[in-house]
Amino acid sequence: MTDPLARIADALDRIAPPPPAAADPLAHRAYVWRGETLVAAREFDPLPLDHLRGIDAQREALVANLARLAEGHAAQDVLLWGARGTGKSALVKSSVAAVQAKGGALALVEAVTSGLDTLPALFALLAPVPRRFAVFVDDLGFDAAADGRALRSLLEGGAEARPANVRLLVTSNRRHLVPRDLAEQESAINPRDSIDDNLALADRFGLSLGFHAIDQDTYLEIVRGYADAHGLAFDPTDAIGWATRRGSRSGRVAWHYVVELAGRAGKSFEN
């Protein structure tokens, strides 16, 4: 007689939805890597680059690097690090879109941080494709240097390093991706070894872009840019009060304030 648990498992397999079909890697502007399957992103409509204020130098450097990648020229893996809400993720998506708008043969592939061990499979899938890819890992951080060693090998030096038509774009709130532990350095036989191990991953990125907390004038400039783009009026005092209540000034806080303005005005938009 068949095991009842086996029958239940078989029944669940039959009613479970089939896995999504793999997307054509030449057909879409952006994808999501599910760990086994490349899926077309449901929407890819990032903010125009000129809506991102206060990060001009970072914007120029990233767009130039991605343009070189799209043209098949030498390009860097990129680490975007710094304060939360300062536009790191938005800049990645907007920069890719800007390069695409100029005809660049470039696509974005977003991979979740929990699936880093599947990146070799993604690289193997993308390597033979006649297109360039920016593989985007958002909000990455490791608790210890040892946790990031596999990614170090994928960036440089490993047998399964990323292919020539792929570059990694990683955002993190930490400059070095791993916490700096002074106690660990003090207890090490050679403190320099501990420091080098902690910094080794961040050093594998050829381009490192820092994002920092912004001052009040820059915050208001960002609010004004968003508000003007959507035909919204705002009171600077009200905008400052919004940021004060949230305990920070950032592009993300500015955007949330403009969403609030739109709601008050009875408007609807998504970005």
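Quick note: structure is the one above.
What comes next is a walk through the structure. Position labels on residues start from 1 in each chain and follow its written sequence. pLDDT decides what is reported in this predicted model: residues at 70 or higher carry local features, side-chain atom pairs at 80 or more are listed and counted, and totals for whole chains, interfaces and linings draw on all residues regardless. The basis for every side-chain value is the complete set of heavy atoms in the structure, and neither hydrogens nor water enter the calculation.

### Some remarks on the overall build of the protein chain
And then number 1: Looking only at helices and strands, the protein chain has 10 helices and seven strands in total.
And then number 2: Whether a residue is buried, partly exposed or exposed follows from its accessible area with a 1.4 Å probe, protein chains only, as a fraction of its type maximum: under 20%, in between, or over 50%, in that order. Put simply, the protein chain has 271 residues, and 44% of those count as buried.
And then number 3: Residue contacts follow a heavy-atom distance rule, with two residues in contact if any of their heavy atoms lie within 4.5 Å. Put simply, 73% of the contacts in the protein chain that link residues at least 6 apart link residues at least 24 apart.
And then number 4: The protein chains shown are the only cover counted for residues, whose accessible areas, like all others here, come from Shrake-Rupley with a 1.4 Å probe. Accessible surface, the protein chain as shown: approximately 14,400 Å² in total, 51% of it carbon and sulfur. Where helices and strands are cited, they refer to DSSP runs of H or I of at least four residues and of E of at least two residues respectively, numbered from the N terminus.

### Details of the side chain of threonine 118
And then number 1: Assignment of secondary structure puts threonine 118 in the loop between β4 (106–111) and α4 (119–126).
And then number 2: A relative accessible area of 18% places threonine 118 in the buried class.
And then number 3: With residues near it in sequence (within four places) discarded, threonine 118 still touches Trp33 and Gly35.

### Brief notes about the pattern of salt bridges
And then number 1: For this document, the term salt bridge refers to a Lys or Arg side-chain nitrogen within 4 Å of an Asp or Glu carboxyl oxygen. Tallied over the full model, the rule gives five salt bridges.
And then number 2: With its nearest N and O atoms 4.0 Å apart, the salt bridge here joins arginine 53 to glutamate 221. Of this pair, arginine 53 sits in the loop between β2 (38–40) and α2 (56–70) while glutamate 221 sits in helix α8 (residues 216–229), placing them 168 residues apart in sequence.
And then number 3: What makes arginine 53 partly exposed here is its relative accessible area of 30%.
And then number 4: Here aspartate 238 ties to arginine 264 by a salt bridge, and the two come within 2.8 Å at their closest N and O atoms. Residue aspartate 238 is located in helix α9 (residues 236–246), and its partner arginine 264 is located in helix α10 (residues 251–264); the two are separated by 26 residues in the primary sequence.
And then number 5: Look at aspartate 238 and you get partly exposed, because its relative accessible area is 24%.
And then number 6: Taking relative accessible area as the criterion, arginine 264 reaches 48% and is therefore assigned partly exposed.
And then number 7: What you see here is one network of salt bridges that share partners, running through Asp238, Glu260 and Arg264.

### Re the sheet that holds strand β7 (residues 207–211)
And then number 1: Only strands joined by at least two bridges in the DSSP assignment are considered to pair. The strand order across the open sheet formed by seven strands is β2-β1-β4-β5-β6-β3-β7, and the pairing between neighbours is mixed. Edge positions in the sheet fall to β2 and β7, since each of these pairs with one other strand and no more. The mean inter-strand angle of the sheet, taken between neighbouring strand axes irrespective of direction, is 25 degrees.
And then number 2: Two elements, strand β5 (residues 132–137) and strand β6 (residues 166–172), share five bridges in a ladder whose sense is parallel. When the sheet's bridge partners are listed, phenylalanine 136 is paired in β6 with leucine 169.
And then number 3: In this description, a line fitted to the C-alpha atoms serves as the axis of each element, helices being fitted only across the stretch in contact, and the angle between N-to-C directions of two axes falls anywhere from 0 to 180 degrees. Running over the sheet, α2 touches β3 (78–82), β4, β5, β6 and β7 and is turned about 150 degrees from β7.
And then number 4: The strands touched by helix α3 (residues 88–101) are β3, β4, β5, β6 and β7; relative to β4, the strand with the most contacts, the crossing angle is about 155 degrees.

### Remarks on the layout of surface pockets
And then number 1: Size it by volume and the second largest pocket reaches roughly 170 Å³.
And then number 2: In the cavity and pocket records, a cavity denotes points on a 1 Å grid over the protein atoms alone where a 1.4 Å probe fits but cannot get out, a pocket denotes an open set with protein on both sides within 12 Å along at least 5 of 7 lines, and lining residues are residues with an atom within 4 Å of a point. Forming the walls of the second largest pocket are 13 residues, and the residues nearest its centre are Arg84, Ser248, Arg249, Ser250 and Val253.
And then number 3: No other element matches α10, which puts three residues into the lining of the second largest pocket.
And then number 4: Per-class residue counts for the lining of the second largest pocket are four nonpolar, five polar and four charged. Grid points are joined across faces, edges and corners, and a volume is the space filled by probe spheres set on the points. Asp, Glu, Lys and Arg are counted as charged, while Ala, Val, Leu, Ile, Met, Phe, Trp, Tyr, Cys and Pro are counted as nonpolar; the rest, among them Gly, fall into the polar class.

### A closer look at α4
It helps to recall that an α-helix has 3.6 residues per turn; residues three or four apart then point in one direction.
And then number 1: Looking only at α4, the buried set comprises Leu119, Leu122, Phe123 and Leu126. Projection of α4 onto a plane perpendicular to its axis shows the buried side chains occupying an angular sector of 100 degrees, all on one side. The directions from the helix axis to the C-beta atoms are what the arc is built from.

### Here we look at the nonpolar core
And then number 1: Think of a nonpolar core as a cluster: buried Ala, Val, Leu, Ile, Met, Phe, Trp, Tyr and Cys residues, connected wherever their side-chain atoms sit within 4.5 Å. Core analysis: the biggest nonpolar cluster contains 45 residues, and Leu62, Leu66 and Tyr219 have the highest contact counts within it.
And then number 2: Top element by residues in this core is α10. It accounts for seven residues.
And then number 3: Apart from residues lying up to four places away in sequence, leucine 62 is in contact with Val78, Leu80, Leu91, Val92, Ser95, Leu169 and Leu209.
And then number 4: Grouped together as the second largest cluster of nonpolar side chains are 24 residues, Ala23, Val129, Phe133 and Val135 included.

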